[in-house]
Amino acid sequence: MPPLIDVRNISKTYETGSFRVEALRNVSITIDAGEFVSLVGPSGSGKSTLLHIMGFLDKPDAGEYFFAGHPTANLGEGRLAAIRSRMVGFIFQSFHLLKRTTAKDNVLLPMVYTGLGASAAKALKCLELVGLGDRARHKSNELSGGQCQRVAIARALVNDPLVIMADEPTGNLDAVSRQEVMRVLKDLNDRGLTLVIVTHDEEISSMTGRVVRMKDGAIVSDESRRRPAPGGAAAVTLPEARLGFSPSEFAEQLKVAFKAIWSHKMRSALTVLGILIGVGAIISLMTISEGFMKDMLSATSEETASTVVVSPRYGGSKKTRPVTFADLEAIKAGVPLADKVTPVISRVLKISAGEKNTRGSVGTDEGFSQEDQKRGKGSLGKLKLTGRFFTTEENLNRARVAVVNASLEEKLFGKGGALSNEIRINDITFLVIGVMENRKGEGLVGWPRAYIPFNTAAKRVFGTSRLDSIEILAASPGEAEEARVQAINTLRASHNLREDAENDFDVSTAEASIKLFKDVMNKLSLAVYSIAAISLLVGGIGIMNIMLVSVTERTREIGLRKALGGRNADILIQFLIEAVVLCLIGGGLGVALGFGLAWAAYFVIKVPPTLGAGTIAFAFGFSTLIGVGFGFWPALRAAMLDPIEALRYE
Ligand code: ADP
């Protein structure tokens, strides 16, 4: 049977600046399974370096190391991590327990990196073995030094290692605790476990079975007092590198991430601010515009979808040509697809009743005749009407009748007082025959409005041949486009436009207005998205910054995790998860903020925001991306730390 540890002619040299320290010179030693070896010598003689090499935490510059007969020179990082995880248990002078963590959880830690799942029962058994069965729930800061070191021993035992490597395990302890810990270690050796401890304390070394003395990087003496019974060891195969991540490891990493974030609440809160604002801006815009879209589409009844609107063409170099009665007549004659043609005029005028007066819109608006409403072709839609609408007859007779909205009624009469009373528009008296519910927006600003028959408006009130627009109602939405073409051709002909001249009027369908709205929204989005992008960039840099701080703060923890069998990938993922969790918290709060803002905006624009699953998915996907993007470098730095240097980091 080959020796468990077989070190042949290894050397290790450290170079720091102009200094060259030969920490190990041509050292050879074999250790059999079941031995209890102490490495003794003055400080700086190379004891720890030798221990680290034997424990796979470090590699020699020259020489060979066989472990249970297997050469170890060409093992990769993942394989070494697996060996540390399954075959070696480490104990350190300064315990290296996780802060604010129970004894049990500390002992569970190495099991996370085996990929086999953690067993609380096993952890408890190991704690009992070191006499701490009753302290499992105590946190590391509630235990004495000796108890802490015994927890560390239990942690070293939990994966059933072949050998325990202890570096000055009693160095930080008082005399009583030293005895306590040594008794536990001796017990373990009596049960057949191999132990190698580094010490400079003769009293400690005298309790071991074999004392190896070192000086200036070389072994100067090697005395055995007790030898293990030969032939106890079985053949050992080295474990393979672990691939992927076990669920228990993932759970542990999430726990660590939340703990890290929670233990720095203020810092974390400030860190996620940038993400929160960026995501909030995007979400509020998305929900508002989605709400607008939904509102518009739902308001686009069959009737609106069938409507073609002719209006003056604004902008451009030429003077705006008004829409006239002549146009109205031309369309009535030249658009056979038109089911109905309605002229629209609206002006802001003084409206009064008795002593009270106000300014408000006076308009004919769309087809408001009772007949139209009855046919379902009126523009009243779902608005509630008390009283009645004017009739076609009243229109022809230029009757002085008016329908007022709730705002106007309230201003001039008070609630419920308008019906059958008189109002004056431009000092012409009108009888109120109907009161209509406010439309969206009107109610909000309390905008007064009165509707009067078209002929009354044109001939008696406005005295103009100019129209605001002409509405052409096609028989169905499908015919709207064709009606639009007919209207364009008719108007071009009646305006005598040359073949190559542009239209001097606008003809739009509901579809076209939706498209226009989308265009405007897209331009607005671009502005908001750029602001959000800057905020997210700043947020991302904040995340990166805090992650770098976090990595530095937890350097020793990283060293410990590696010593306990954590792979580079485990460390990388752990910090990536932390960055992503931070970003997701920011993103989640951002969604809440954005939705809140959109609801606040609801009270101004009266459009309920719509929070789609796509929007939420986008926010969280984006946050994850930022977390991974900006967390990668800090995580990589953590993953690439040298375990020994990390453990020594002050
Ligand atoms: P011991 O454990 O016996 O006190 P070490 O094995 O820790 O000794 O160190 C042996 C020598 O190597 C010492 O002189 C120490 O200063 C040097 N040494 C150890 N680690 C490093 C390092 N990372 N960089 C430079 N010198 C080191």
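Residues numbered from 1 in each chain as written. Predicted model: local features only at pLDDT ≥ 70, side-chain atom pairs only at ≥ 80, totals over all residues. Heavy atoms only, no water.

### Quick word on the site of the ligand
Here is the rule: We call a residue near a molecule or strand whenever a single non-hydrogen atom of that residue lies within 4 Å of it. Identification of polar contacts relies on pairs of N or O atoms within 3.5 Å, with a donor-acceptor requirement for protein atoms, meaning one able to donate a hydrogen and the other able to accept it, and with residues adjacent in sequence counted only if both atoms are side-chain atoms. Where accessible areas are quoted, they stem from the Shrake-Rupley method and a 1.4 Å probe; at the residue level, only the protein chains shown are allowed to cover. Numbering of helices and strands runs from the N terminus; a helix is a DSSP stretch of H or I covering at least four residues, while a strand is a stretch of E covering at least two.
As a structural note, the neighbourhood of the ligand is formed by 13 residues, with Gly 44, Gly 46, Lys 47, Ser 48 and Thr 49 the closest of them. Taking Gly 46, its main chain carries an N or O atom lying 3.0 Å from an oxygen atom of the ligand. Contact between the ligand and Thr 49: an oxygen atom at 2.5 Å from a side-chain N or O atom of the residue. Compared with its free state, where it exposes 560 Å², the ligand has 73% of that area covered by protein. Elements supplying a minimum of two residues to the shell around the ligand: β1 (5-16), β2 (19-31) and α1 (47-54).

### Regarding the side chain of Asn 405
Here is the rule we go by: With a 1.4 Å probe rolled over the protein chains alone, any residue whose accessible area is under 20% of its type maximum counts as buried; one over 50% counts as exposed, and the rest are partly exposed.
Secondary-structure assignment places Asn 405 in strand β17 (residues 401-405). Judged by its relative accessible area of 0%, Asn 405 is buried.

### Brief notes about the sheet that holds β2
As a reminder of what qualifies: Pairs of strands are assigned from DSSP output, requiring at least two bridges between the strands. Residues are treated as being in contact if the distance between any of their heavy atoms lies within 4.5 Å. Only the contacting stretch of a helix is used when fitting its axis, a line to C-alpha atoms as for every element, and angles between N-to-C directions run 0 to 180 degrees.
In spatial order, the strands read β2-β1-β4-β5; together these four strands make up an open sheet with antiparallel pairing. Because the sheet does not close on itself, it has two edges, and the strands there are β2 and β5 (70-71). Bridge count for β1 against strand β4 (residues 62-67) is five bridges, and the pairing is antiparallel. By the bridge assignment, Ile 5 is partnered in β4 with Phe 67. The strands touched by α1 are β1, β2 and β4; relative to β1, the strand with the most contacts, the crossing angle is about 125°.

### Description of unusual backbone geometry
Negative phi characterises most residues that are not glycine, and trans characterises most peptide bonds. Even without glycine at this site, Ala 68 takes up a positive phi of about 50°. The topology assignment puts Ala 68 in the loop between β4 and β5. Phi angles above zero are rare outside glycine, and Asn 496 is one such case at about 55°.

### Let's talk about the sheet that holds strand β23 (residues 505-509)
Here four strands make up an open sheet; going across it, the order is β13-β22-β11-β23 and the pairing antiparallel. Each having just a single partner strand, β13 (338-344) and β23 make up the two edges of the open sheet. On average, each strand axis in the sheet is tilted by 20° relative to the strand beside it, whichever way the strands run. Examined bridge by bridge, strand β11 (residues 307-312) and strand β22 (residues 469-474) share four bridges and lie antiparallel to one another. Bridge assignment links Val 308 to a residue of β22, and that residue is Ile 472. Helix α17 (residues 477-494) rests against β11, β22 and β23 of the sheet, and its axis sits at about 170° to β23.

### Some words on the packing of helix α20 (residues 568-605) against helix α21 (residues 613-639)
Rules: Left-handed describes a crossing in which the near helix is turned anticlockwise from the far one by less than a right angle; the clockwise case is right-handed. Throughout this entry, Asp, Glu, Lys and Arg are counted as charged residues, while Ala, Val, Leu, Ile, Met, Phe, Trp, Tyr, Cys and Pro are counted as nonpolar. The remaining residues, Gly among them, count as polar.
As a packed pair, α20 and α21 sit with axes 7 Å apart at the nearest point and diverge in direction by 145°. The element α20 and its partner α21 pack so that their crossing is right-handed. Class assignment of the residues belonging to the contact of α20 with α21 gives a composition of 18 nonpolar, seven polar and no charged.

### Quick look at the pairing of strand β9 (residues 210-215)
Taken together, the four bridges between strand β3 (residues 36-40) and β9 define a ladder with parallel strand orientation. When the bridges of β9 are listed, Val 40 appears paired with Arg 213. Sheet topology note: the β9/strand β10 (residues 218-224) ladder contains six bridges and is antiparallel. Bridge pairing in β10 links Met 214 to Ile 219. In this structure, the hairpin formed by β9 and β10 is closed by a connection of two residues, where Asp 216 is found at a positive phi of approximately 50°.

### What to know about a nonpolar patch on the surface
This is how the line gets drawn: Exposure above 30% relative accessible area and no salt bridge define the residues that can form patches, which grow by joining like charges within 9 Å and nonpolar side chains of Val, Leu, Ile, Met, Phe, Trp and Tyr within 5 Å. Any Lys or Arg side-chain nitrogen located within 4 Å of an Asp or Glu carboxyl oxygen qualifies as a salt bridge.
Taken together, Met 266, Leu 270, Leu 273 and Ile 277 make up a surface patch of nonpolar side chains, about 420 Å² in accessible area. Along the chain, Leu 270 turns up in helix α9 (residues 265-299).

### Observations concerning α1
Taken across its eight residues, α1 has eight buried, putting it largely inside the fold. Among the residues making up α1, those that are buried are Lys 47, Ser 48, Thr 49, Leu 50, Leu 51, His 52, Ile 53 and Met 54. Note on α1: the residue one or two positions beyond its end, Phe 56, has a positive phi of about 65°.

### A closer look at the domain arrangement of the protein chain
Keep this limit in mind: Each domain's extent is set by a domain assignment, obtained either automatically or from a database.
One can read the domain layout of the protein chain as domain 1 (5-243), domain 2 (256-297 + 516-647) and domain 3 (304-503). For domain 2 versus domain 3, the separation of C-alpha centres amounts to 51 Å.

### As for the packing of helix α18 (residues 510-553) against α20
Applied cut-off: If an angle is under 35 degrees, it is roughly parallel; if it is over 145, roughly antiparallel; if it lies from 65 to 115, roughly perpendicular; otherwise it is oblique.
α20 packs onto α18 with a crossing angle of 140° between their chain directions and a minimal axis gap of 11 Å. Compared by their axis directions, α18 and α20 come out oblique. In this structure, α18 meets α20 at a crossing whose hand is right-handed. The segment α18 lies against α20, with Ile 543, Ile 546, Met 547, Ser 550 and Val 551 engaging Phe 575, Glu 578, Ala 579, Leu 582 and Cys 583. Tallied by class, the residues present in the contact of α18 with α20 amount to eight nonpolar, one polar and one charged.

### Overview of the pattern of salt bridges
Tallying each qualifying case throughout the model produces 30 salt bridges. Its salt-bridge partner being Glu 15, residue Arg 20 comes within 3.3 Å of it at the nearest N-O pair. Each member of the pair, Arg 20 as well as Glu 15, is classed as exposed. Put simply, Glu 35 and Arg 210 hold a salt bridge, and the shortest N to O gap is 2.9 Å. Of this pair, Glu 35 sits in the loop between β2 and β3 while Arg 210 sits in strand β9; the two residues are 175 residues apart in sequence, bridging distant segments of the chain. Side by side, Glu 35 and Arg 210 carry an identical accessibility label, which is buried. One network of salt bridges, in which partners are shared, links Glu 252, Arg 554, Glu 557, Arg 561 and Glu 578.

### Concerning the packing of aromatic side chains
How we decide: Note on ring pairs: Phe, Tyr and Trp rings are taken, using the six-membered ring of Trp, and paired if centres are within 6.5 Å. Classes follow the plane angle, with under 30 degrees stacked, over 60 edge-to-face and the rest tilted. Look at NZ for Lys and CZ for Arg. If either is within 6 Å of the ring centre and within 35 degrees of the ring normal, a charge sits over the ring.
Summed over the entire model, instances satisfying the criterion amount to ten aromatic pairs. Note on Tyr 602 and Phe 603: the rings are 5.4 Å apart at their centroids and 65° apart in plane angle, and the pair reads as edge-to-face. Taking the relative accessible area as the measure of exposure, Tyr 602 reaches 23% and is therefore partly exposed. Residue classification places Phe 603 among the exposed positions, given a relative accessible area of 55%. Among the aromatic residues, ring-to-ring pairing joins Phe 595, Trp 599, Tyr 602 and Phe 603 into one connected group. Above the face of the Phe 325 ring, Lys 459 is positioned so that its terminal group lies 5.6 Å from the ring centre.

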